Amino acid sequence: MAKNSRSLPQTLRHYLVNPLALGYLGVVLAVCLWVTVDTISAASSGDASFAILWAVLVTAPSSMLLSFAGPAALVMIPIGAVVQAAVLGALYRHITERPARGIENGISGV
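This structure is a prediction, so every number in the text was calculated from the model and none was measured. (Residues numbered from 1 in each chain as written. Predicted model: local features only at pLDDT ≥ 70, side-chain atom pairs only at ≥ 80, totals over all residues. Heavy atoms only, no water.)

Chemist: How should the environment of His14 be read in this particular structure?
Modeler: Residue placement: His14 occurs in helix 1 (residues 8-16). Between the alpha carbons of His14 and Arg93 there is a distance of 8.7 Å; along the sequence they are 79 residues apart. (Helix = DSSP H or I, 4+ residues; strand = E, 2+ residues; numbered from the N terminus.)

Chemist: Even after reading the chapter, I still don't get a nonpolar patch on the surface, so can you show me in this structure?
Modeler: Residues Trp34, Phe50, Ile52, Leu53, Trp54, Leu57, Met64 and Leu74 make up a contiguous nonpolar surface patch of about 900 Å² in total accessible area. With 4 residues, the top contributor of residues to the nonpolar patch is helix 3 (residues 52-58). Looking at the element boundaries, Leu74 is found in helix 4 (residues 71-104). (Patch = residues over 30% accessible without salt bridge, like charges linked within 9 Å, V, L, I, M, F, W, Y side chains within 5 Å. Areas by Shrake-Rupley, 256 points an atom, 1.4 Å probe, with all protein chains shown as cover. Salt bridge = Lys/Arg side-chain N within 4 Å of Asp/Glu carboxyl O.)

Chemist: Honestly, helix 2 (residues 19-45) in this entry has me stumped. Any pointers?
Modeler: Since the α-helix turns once every 3.6 residues, residues separated by three or four places project in the same direction. The terminal C-alpha atoms of helix 2, which comprises 27 residues, lie 39 Å apart, in line with the 39 Å expected from a rise of 1.5 Å per residue. Taken together, the buried positions of helix 2 are occupied by Ala21, Tyr24, Val28, Val31, Val35 and Ala42. (Expected span 1.5 Å × (residues − 1). Buried < 20%, exposed > 50% of the residue type's maximum accessible area, 1.4 Å probe, protein only.)

Chemist: So what exactly am I meant to see when it comes to unusual backbone geometry here?
Modeler: Most peptide bonds are trans, and most residues other than glycine sit at a negative phi. Ala60 connects to Pro61 through a cis peptide bond whose omega is 5 degrees. In this fold, Pro61 is placed in the loop between helix 3 and helix 4.

Okay, structure coming up:
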């Protein structure tokens with residue numbers, strides 16, 4: 001069994017720098033910006049807003065692993081986004097590099 005010589009930052013970069021992971025992180029960023037604008041506008045009118053739930057839902061289930069209340073819950077949103085982007089990136093790498101591995105080993109993809 002070959003030992004993986006990559007460090008943790010190199011491994012994260014390998015899985016996070018691809019179109020699927022970056023697209024997911026872009027969607028999470030757009031939702032978080034919308035939540036911020038909605039929360040600020042709702043605070044000025046005195047009306048309560050449940051927009052923060054969208055940020056939690058877009059990063060679920062990773063952001064729901066630990067349940068916190070208050071500001072500590074906001075820490076789970078970026079952690080959940082990075083975890084899920086890494087999983088999506090690993091899936092993307094597995095799917096796109098799979099045929100290349102078969103050809104290198106002399107196995108046809110048929």
